[in-house]
Amino acid sequence: MNTPLPSETLRRYPPFDRFEPEALRFLDSQLKSITFPVNSVLISPDQGEPRAMFVITQGRVQASEAGAAGEIRLTLSVGECFPIGALSGCRASTNTYTAATEVEAYELPAASFHKLMVISQEFSRHCGGYLATLVNQSRQQLQAYLSQQASEQQSLSTPLLALIKRSPISVAATANIQ
């Protein structure tokens, strides 16, 4: 039985379903199949700039924010790729990616990721859209945080007595305050 080419498998999932023929041929020549056991860390911030992008072909990967006590931010499944933001920005990932099940994936080396961005308009557009989504999420989180901070500090409905943090200062009516 022949093993299908990576492009034949990936064409079932966006953005690969819209890739140009040249980009699909490039993927076929660059992708390597790799398996990760359950609970293995695929990428973490302390590894520095990622060495590759991964496309899940079987299993699930959980992404948790570094320093968030293992709180899972999202679960990735078949057809999804990561860490696009870190590779696009040439920086370490802000998430730790852990295999929630045994995971089979295609691995695309970082240099090939950057070349694919040049070869494929569709991939470049996909990565740009992903980054725009991240920026929007970050903006919404910042806005919510600032709004919460402002409401905690003071509000027009808060009685003045509650805003006073120390005993009031007073002077005699006849005292010169100049």
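The numbering scheme is per chain: residues are counted from 1 as the chain's sequence reads. Note on the predicted model: pLDDT of at least 70 is required for a residue's local features to be given, and 80 or more for side-chain atom pairs to be given and counted; whole-chain, interface and lining totals, by contrast, use all residues. Think of the side-chain values as coming from all heavy atoms in the structure, minus any hydrogens and water.

Looking at the overall build of the chain
Stage number 1. Looking only at helices and strands, the chain features six helices and eight strands.
Stage number 2. Ordering the α and β elements of the chain from the N terminus gives α-α-β-β-β-β-β-β-α-β-β-α-α-α.
Stage number 3. Across the chain, every contact between residues at least 6 apart in sequence was considered, and the portion connecting residues at least 24 apart equals 72%.
Stage number 4. Summing over all exposed atoms, the chain offers an accessible surface of approximately 11500 Å²; the carbon and sulfur share of this is 53%. Secondary structure elements are defined from DSSP: runs of H or I of at least 4 residues count as helices, runs of E of at least 2 residues count as strands, and each element is numbered from the N terminus. Note on definitions: a residue-residue contact is assigned when non-hydrogen atoms from the two residues lie within 4.5 Å. All accessibility values rest on the Shrake-Rupley procedure with a 1.4 Å probe; residue burial counts only the protein chains present in the view.

Re the sheet that holds strand 4 (residues 61–65)
Two pairing modes exist for strands in a sheet, parallel and antiparallel, and in both the strands are linked by backbone hydrogen bonds.
Stage number 1. The four strands are arranged 2-7-4-5 in an open sheet whose pairing can be described as antiparallel. Single-partner strands in this sheet number two, and they are strand 2 (41–43) and strand 5 (72–76). Sheet twist, expressed as the average angle between the axes of neighbouring strands with direction ignored, equals 30°. When DSSP finds two or more bridges between a pair of strands, those strands are recorded as paired. Angles shown run from 0 to 180 degrees and are taken between the N-to-C directions of axes, each axis being a line fitted to C-alpha atoms and, for helices, limited to the stretch in contact.

A closer look at the sheet that holds strand 8 (residues 103–109)
Stage number 1. Strand order in the open sheet formed by four strands is 1-8-3-6, and the pairing between neighbours is antiparallel. What marks the edges here is a single partner per strand, and that holds for strand 1 (32–36) and strand 6 (81–82).
Stage number 2. With six bridges joining them, strand 3 (residues 52–58) and strand 8 adopt antiparallel strand pairing. Residue Met53 lies in a different strand from strand 8, and its bridge partner there is Leu108.
Stage number 3. Sheet contacts for helix 4 (residues 110–119): strand 3 and strand 8; angle to strand 8, the most-contacted strand, approximately 70°.

Describing the pairing of strand 4
Stage number 1. Looking at chain direction, strand 4 and strand 5 are connected through four bridges and run antiparallel. Counted as the bridge partner of Ala63 is Leu74 from strand 5.
Stage number 2. Bridge analysis of strand 4 against strand 7 (residues 95–99) gives five bridges, and the strand direction is antiparallel. Paired with Glu65 across the two strands is Asn95, which belongs to strand 7.

Let's talk about unusual backbone geometry
Stage number 1. Residues Pro14 and Pro15 are joined by a peptide bond in cis, for which omega reads 0°.
Stage number 2. Along the polypeptide, Pro15 turns up in the loop between helix 1 (6–10) and helix 2 (21–30).

Remarks on the packing of aromatic side chains
Each aromatic ring pair is specified by the distance between its two centres and by the angle formed by the two planes.
Stage number 1. When the centres of two rings from Phe, Tyr and Trp lie within 6.5 Å, Trp using its six-membered ring, the rings pair. Their planes under 30 degrees apart give stacked, over 60 give edge-to-face, and anything left gives tilted. Tallying each qualifying case throughout the model produces six aromatic pairs.
Stage number 2. Taking 5.1 Å as the distance between ring centres and 55° as the angle between the ring planes, the aromatic pair formed by Phe16 and Phe19 counts as tilted. For the residue pair Phe16 and Phe19, the accessibility class agrees, reading buried in each case.
Stage number 3. Relative to Tyr97, the ring of Phe82 lies with its centre 4.6 Å away and its plane at 20°, an arrangement referred to as stacked. Remark: Tyr97 occurs in strand 7 and Phe82 occurs in strand 6; sequence separation between them is 15 residues.
Stage number 4. We call a residue buried when its accessible area falls under 20% of the maximum for its residue type, exposed when it is over 50%, and partly exposed in between, using a 1.4 Å probe and counting protein chains only. With relative accessibility at 2%, the residue Phe82 sits in the buried group.
Stage number 5. For Tyr97, a relative accessible area of 4% corresponds to the buried category.

Thoughts on helix 2
Stage number 1. Taken residue by residue, helix 2 has Ala23, Leu24, Phe26 and Leu27 as its buried positions. Buried residues of helix 2, seen end-on, are gathered within an arc of 160° and therefore sit on one face of the element. Exposed residues pointing more than 90 degrees away from the buried face of helix 2 are listed as Pro21, Arg25 and Ser29.
Stage number 2. Summarising the contacts, the buried residues of helix 2 are in contact with helix 1, strand 8 and helix 4. Starting at the helix axis, one direction is taken to each C-beta atom, and the arc is that of these directions.

What to know about the pattern of salt bridges
Stage number 1. Here, a salt bridge means any Lys or Arg side-chain nitrogen found within 4 Å of an Asp or Glu carboxyl oxygen. For the structure shown, the criterion picks out six salt bridges.
Stage number 2. Notably, a salt bridge pairs Arg51 with Glu107, separated by 2.1 Å at the nearest N-O pair. In this pair, Arg51 is assigned in the loop between strand 2 and strand 3 and Glu107 in strand 8, connecting sequence segments 56 residues apart.
Stage number 3. Two residues, Glu122 and Arg125, come together in a salt bridge whose shortest N-O distance is 3.3 Å. Of this pair, Glu122 and Arg125 are both found in helix 5 (residues 121–153), three residues apart, which corresponds to roughly one turn of the helix.
Stage number 4. Judged by its relative accessible area of 11%, Glu122 falls in the buried class.
Stage number 5. Overlapping salt bridges, with partners in common, bring together Asp17, Arg18, Glu122 and Arg125 in one network.

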